[in-house]
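Below, each chain spelled out in residue letters.
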Amino acid sequence: MNDRPIDDASYNEAPQRHWMGMNDAERPIAPLSSQRAYWIFQLTGWGAYTLSRYIGGVTVINLPWARFGLEMLFVDALGLGLSHWLRYYVRRHNWRTLRIRKLVWRILIASLICGIPLGVLTQYTDLSLLMSPDELLEGLGSALRLRLALPVAIALEIVNWAFVFVIWLMIYFIAIAVREYRSAQLKQSELARALHVAELRLLKSQLNPHFLFNALNTVRSLIAENPARAQSAVTRLANTLRYTLSSRHNELVTLSQELDIVADYLELESMRFEDRLRIEQHVPADAAGVLIPVMLLQTLVENAIKHGIAELPSGGLLQISAVLQKDMLVLEVENPRPIAPIRASHEGVGLRNAHDRLRLLYGDRASLDLDLSKPGLATARLRIPPQR
């Protein structure tokens, strides 16, 4: 079988096969409020740090639990306050835009500055008993040890607190990087979805005037020749107008709804072609409720008439059939066509849109191809996953 993608110029050109595919867009996930998340992690982190040190002081060193607990709450609350001020300072001076080398130096200096008051304060509370300088001063004379004990103990506390703030800033910048990465993904997803919707709307805005222009020409040709039939044609055209207007808000309709608008369109075309257009339809009841893209079947039928039956002096038989398989709805529109190749001067909009809309709505789960393997016969074959 020789298949090729359909466009309005494809009925009489060299056959080939083309398939469409695109991954479905992922739904964006709403992020947690950054301010709320900050305070959750801030209180959880400082709370865990305070609790671990309190348990160690009470159980290992046997410090008085009440006084030790109050002193630890006061000092660690001050640490929490300094970390919150540090976050304000970092955001105000936009540190997250700095290069790694400059950022590292600022983190070390800021951590040391925040660690100095806490290190000095800690030395005058029972918290100083959690870190003893005795091991560092071992081997020195008693007089020298006594002289160096306090400054070494303060230095150890300052280094300890500076290390705490270094860890805090590292976690903070990692969280910022993760949040910005997720935000970028979210924006990209939203832009992709917005583009997806805009492209579908553009395709339908191109398709509807394309169909209505042909229908209006049919009505215009009947006004002078047969006013009664022209009145009937206006009624059919009103139905198509109502349908095309409602299609702006719906991407999918049932096959039975699409067949109704196709029937109106074919009635209009029958008024123009008379005996040159004969129609057969084979659609089982179980396929009538399947959802298909709005105006898609009508586009295939219009293409079959315009580039098939209309090119033949004797016209021909247009056949519409549907088969509901286990995981696929197969729609076919079959029509006669000229045997001799006739190249169109331009590519049509309608059937290119059909390809693009299938790609946007179904990705690689749907296909649209044209079988030109039989001389003088064209079969447009649409495969889409069944939805109800």
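Residues numbered from 1 in each chain as written. Predicted model: local features only at pLDDT ≥ 70, side-chain atom pairs only at ≥ 80, totals over all residues. Heavy atoms only, no water.

1. A closer look at the nonpolar core
Formed by 41 residues in total, the largest nonpolar core has its most connected members in Leu-297, Val-301 and Leu-318. Put simply, the parts of the chain that give this core at least two residues each are helix H7 (255–273), helix H9 (296–307), strand S5 (316–324), strand S6 (329–336), helix H10 (350–362), strand S7 (367–371) and strand S8 (377–384). When residues in this core are grouped by element, the largest group, seven residues, is from H7. Ranked by size, the runner-up nonpolar core spans 26 residues in total, among them Leu-103, Ile-107, Trp-161 and Leu-169. (Core = buried A, V, L, I, M, F, W, Y, C linked by side-chain atoms within 4.5 Å. Buried < 20%, exposed > 50% of the residue type's maximum accessible area, 1.4 Å probe, protein only. Helix = DSSP H or I, 4+ residues; strand = E, 2+ residues; numbered from the N terminus.)

2. Section: the confidence of the model for the protein chain
Taken over all residues, the pLDDT of the protein chain has a mean of 80, while the share at 70 or more is 81%. Segment residues 1–32 is flagged for pLDDT under 50; beyond a separation of four residues in sequence, or across chains, it makes 112 contacts in the model. A low-confidence stretch, residues 343–347 stays under pLDDT 50, and its non-local contacts, those more than four residues away or across chains, total six contacts. (pLDDT = per-residue confidence, 0-100. Contact = heavy atoms within 4.5 Å.)

3. Considerations on the packing of H7 against H9
One way to put it is that H7 packs onto H9 with a least axis distance of 8 Å and a crossing angle of 25°. Relative to H9, the element H7 lies roughly parallel. By crossing handedness, the relation of H7 to H9 is classed as right-handed. Residues Leu-255, Glu-258, Leu-259, Val-262, Tyr-265, Leu-266, Glu-269 and Phe-273 of H7 form the contact with H9, whose participating residues are Leu-296, Leu-297, Gln-298, Val-301, Glu-302 and Ile-305. For the contact of H7 with H9, the class distribution of residues is ten nonpolar, one polar and three charged. (Axes fitted to C-alpha atoms, helices over the stretch in contact; angles between N-to-C directions. Parallel < 35°, antiparallel > 145°, perpendicular 65-115°, else oblique. Left-handed = near helix turned anticlockwise from the far one by under 90°. Nonpolar A, V, L, I, M, F, W, Y, C, P; charged D, E, K, R; others polar.)

4. Let's talk about unusual backbone geometry
Within the chain, Asn-62 stands out as a residue other than glycine whose phi angle is a positive 60°. As for its position among the elements, Asn-62 is in the loop between helix H1 (34–59) and helix H2 (65–92). The exposed category is assigned to Asn-62, whose relative accessible area is 60%. Even without a glycine there, the phi angle at Glu-274 is positive, about 55°. With respect to the secondary-structure elements, Glu-274 resides in the loop between H7 and strand S3 (277–282).

5. Focus: the packing of aromatic side chains
Under the counting rule described, the total for this entry stands at ten aromatic pairs. Pairing Tyr-54 with Phe-68 gives two aromatic rings, centres 5.8 Å apart and planes at 15°, and the pair type is stacked. Within this pair, whereas Tyr-54 is found in helix H1, its partner Phe-68 is found in helix H2, the two being separated by 14 residues in sequence. One aromatic cluster in this structure is built from Trp-46, Tyr-49, Trp-161 and Phe-165. (Phe/Tyr/Trp six-rings, centres within 6.5 Å; stacked < 30°, edge-to-face > 60°.)

6. Overview of the side chain of Arg-87
Along the chain, Arg-87 falls in helix H2. For the buried Arg-87, no salt bridge is present, and the opposite-charge side chain at shortest range is Glu-180, 12 Å distant. Of note is the side chain of Arg-87, whose polar atom sits 3.3 Å from the side chain of Gln-35. Apart from residues lying up to four places away in sequence, Arg-87 is in contact with Gln-35, Tyr-38, Trp-168 and Tyr-172. (Lys, Arg positive; Asp, Glu negative; His and termini not counted. Salt bridge = Lys/Arg side-chain N within 4 Å of Asp/Glu carboxyl O. Polar contact = N/O pair within 3.5 Å; in protein donor to acceptor, adjacent residues only side chain to side chain.)

7. Comments concerning a nonpolar patch on the surface
Among the surface-exposed residues, Leu-112, Ile-116, Val-120, Tyr-124 and Leu-150 lie close enough to one another that they form a single nonpolar patch of about 460 Å² accessible area. A total of three residues in the nonpolar patch trace back to one element, the largest contributor, which is helix H3 (residues 100–122). Topologically, Ile-116 is positioned in helix H3. Judged by relative accessible area, Ile-116 falls into the partly exposed class, the value being 38%. (Patch = residues over 30% accessible without salt bridge, like charges linked within 9 Å, V, L, I, M, F, W, Y side chains within 5 Å. Areas by Shrake-Rupley, 256 points an atom, 1.4 Å probe, with all protein chains shown as cover.)

8. Thoughts on the environment of Ser-52
Locating Ser-52 in the fold gives a position in helix H1. Polar side-chain contacts of Ser-52 include one of 2.9 Å to the backbone oxygen of Tyr-49.

9. What about H1?
Across its 26 residues, H1 extends 37 Å between first and last C-alpha, which sits within 8% of the 38 Å expected from 1.5 Å per residue. Those residues of H1 lying buried are Ala-37, Tyr-38, Gln-42, Trp-46, Thr-50, Arg-53 and Gly-57. (Expected span 1.5 Å × (residues − 1).)

10. Topic: the pairing of S5
Here S3 runs beside S5; their pairing, made up of six bridges, is parallel. Looking at the pairing, Arg-278 lines up with Leu-317 of S5. By the bridge criterion, six bridges tie S5 to S6 in an arrangement that is antiparallel. Each bridged residue has a counterpart across the sheet, and for Ser-321 the counterpart in S6 is Glu-332. (Pairing = 2+ DSSP bridges.)

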